[in-house]
Amino acid sequence: MFSYLHKPVLAVLLTMLSSFAAADGRRVELYTVNFPPYTIIEPQNTIRGIDVEVVTAAFAAVGIEATITEAPWKRILKNMEHGRVAGTLSCARNAPREKFILFSEPISENIWGAVTSRDFDSRSLSHLSDVQHYEVIAVADWGQSQQLSQHNLRHSVTPDIDSGIRSVVYRNVDLFYNGKLPTLYHAQNLGLQDKIAFHRFEDIESTPLHLCLSRLYPDSQTLLEQFNNGLNKIKHSGEFDAIYKKYN
């Protein structure tokens, strides 16, 4: 039907239509990885979680249908860098990402601290440096292990959250340095939620998590503004708090 148009004109029209679709806000497709309880990917590729529900509700509040699909994290970031996909969620801000990502208002946060057995005496545990007096474990290659190393704090590593939880419950490990909600989610699945306690460090700030949109994606700035508007709406309506309560 476009055979009578010159190719340059057709290209411009298609770009305009794509931008209009993003700005008009009828539908946006996002990609994510399994990061419970913020994003939980279940059998048959059912995706739920705090950030999934917050993002879909915020977009719905401004008339946008958001669909969320699983994809490898490195592929998501590479496609965002080139503007091939709209974006992702449960995404933390850092300097390298600033170059190609637009960050929404925070949609959740990851609170860092010490996971211990329920009967652990935490009276002398208030700052990160206090862990030097204990047997400490962190997930290998994650930011928490790197942070401990940067502060010259001796620790062992574990392959995943489940093994970290089991270490403080069943083994001779005092502290597991990890995020609060991910740990509690995994502990509940293991049936160990009543066996552990979480202690927040006074000197370690939580990490805000965002909806992240590609700067090169058509009309992403407008899409971001629409999302932030929707996020504000569900916060005022109480829907935001209701979502959080489901996972706490």
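Data block above holds the structure.
Here's what I pulled together on the structure shown here. (Residues numbered from 1 in each chain as written. Predicted model: local features only at pLDDT ≥ 70, side-chain atom pairs only at ≥ 80, totals over all residues. Heavy atoms only, no water.)

This paragraph deals with helix α3 (residues 73–81). Among the residues of α3, Ile76, Leu77, Asn79 and Met80 are the ones counted as buried. Looking down the long axis of α3, one finds its buried residues gathered within 165° of arc, a one-sided arrangement. Exposed residues on α3 whose side chains face more than 90 degrees from its buried face are Lys74 and Arg75. Where α3 is buried, its residues touch β1 (27–32), β5 (87–91), α4 (95–98), β6 (101–103) and β13 (207–214). One or two steps after α3, the chain reaches Gly83, where phi turns positive at roughly 75°. (Buried < 20%, exposed > 50% of the residue type's maximum accessible area, 1.4 Å probe, protein only. Helix = DSSP H or I, 4+ residues; strand = E, 2+ residues; numbered from the N terminus. Arc of directions from axis to C-beta. Contact = heavy atoms within 4.5 Å.)

Volume-wise, the largest pocket comes out at about 730 Å³. Phe35, Ser90, Asn110, Trp112 and Trp142 are the residues nearest the centre of the largest pocket, which is lined by 28 residues in total. Residue assignment for the lining of the largest pocket shows that the elements contributing at least two residues are β2 (40–41), β5, α5 (143–150), β11 (175–179), α7 (180–190) and β13. In terms of residue count, α7 provides more of the lining of the largest pocket than any other element does, four residues in total. If you count residues domain by domain, the lining of the largest pocket takes at least three from each of domain 1 (3–109 + 207–247) and domain 2 (112–200). The space that makes up the second largest pocket amounts to roughly 200 Å³. As for the second largest pocket, its lining consists of Pro37, Arg48, Leu181, Leu184, Tyr185, Gln188, Asn189, Lys246, Tyr247 and Asn248. Here the lining of the second largest pocket gets five residues from one element, more than from any other, and that element is α7. Across the lining of the second largest pocket, the residue classes tally to five nonpolar, three polar and two charged. Lining the lining of the second largest pocket are residues from two domains, each supplying at least three of them: domain 1 (3–109 + 207–247) and domain 2 (112–200). (1 Å grid on protein atoms, 1.4 Å probe; cavity = no way out; pocket = protein on both sides within 12 Å on 5 of 7 lines; lining within 4 Å. Points joined across faces, edges and corners; volume = space filled by probe spheres on them. Domains from an automatic or database assignment. Nonpolar A, V, L, I, M, F, W, Y, C, P; charged D, E, K, R; others polar.)

Turning next to the pattern of salt bridges. This model, assessed by the stated rule, comprises seven salt bridges. Arg48 is the partner of Glu42 in a salt bridge, and the nearest nitrogen-oxygen pair spans 2.7 Å. A relative accessible area of 29% means that Glu42 is categorised as partly exposed. Taking the shortest distance from any N to any O, the salt bridge between Glu98 and Arg93 comes out at 2.9 Å. (Salt bridge = Lys/Arg side-chain N within 4 Å of Asp/Glu carboxyl O.)

Core analysis: the largest hydrophobic core is formed by 35 residues, its most contacted members being Val28, Leu30, Val54, Val55, Phe59, Phe227 and Leu231. At the level of elements, β1, β2, α2 (50–60), β4 (65–70), α7, β13, α8 (220–237) and α9 (239–246) are the ones that each hand at least two residues to this core. (Core = buried A, V, L, I, M, F, W, Y, C linked by side-chain atoms within 4.5 Å.)

What follows deals with the sheet that holds strand β12 (residues 196–200). With mixed pairing, five strands are arranged side by side in an open sheet as β10-β9-β11-β8-β12. In this open sheet, the two strands that pair with only one neighbour each are β10 (156–158) and β12. Here the average twist between neighbouring strands, direction ignored, is 35°. Note: strand β8 (residues 112–117) against β11, four bridges, orientation antiparallel. Pairing of Gly113 across the sheet is with Asn178, part of β11. Helix-sheet contacts for α5 involve β8, β9 (136–139), β10 and β11, and the interaxial angle to β9 is about 135°. Strands β8, β11 and β12 of the sheet are contacted by α7, whose axis makes an angle of about 110° with β11. (Pairing = 2+ DSSP bridges. Axes fitted to C-alpha atoms, helices over the stretch in contact; angles between N-to-C directions.)

Moving on, we get to the state of the cysteines. If you walk through the whole model with that rule in mind, you get one disulfide. Bridging Cys91 to Cys212, the disulfide has an S-S length of 2.5 Å. Measuring handedness by torsion sign, the sulfur bridge of Cys91 and Cys212 sits at about -95° and is left-handed. Taken together, the positions of Cys91 in strand β5 and Cys212 in strand β13 put the pair 121 residues apart, joining distant regions of the chain. Per residue, the accessibility class of Cys91 equals that of Cys212, and both read buried. (Disulfide = S-S within 2.5 Å.)

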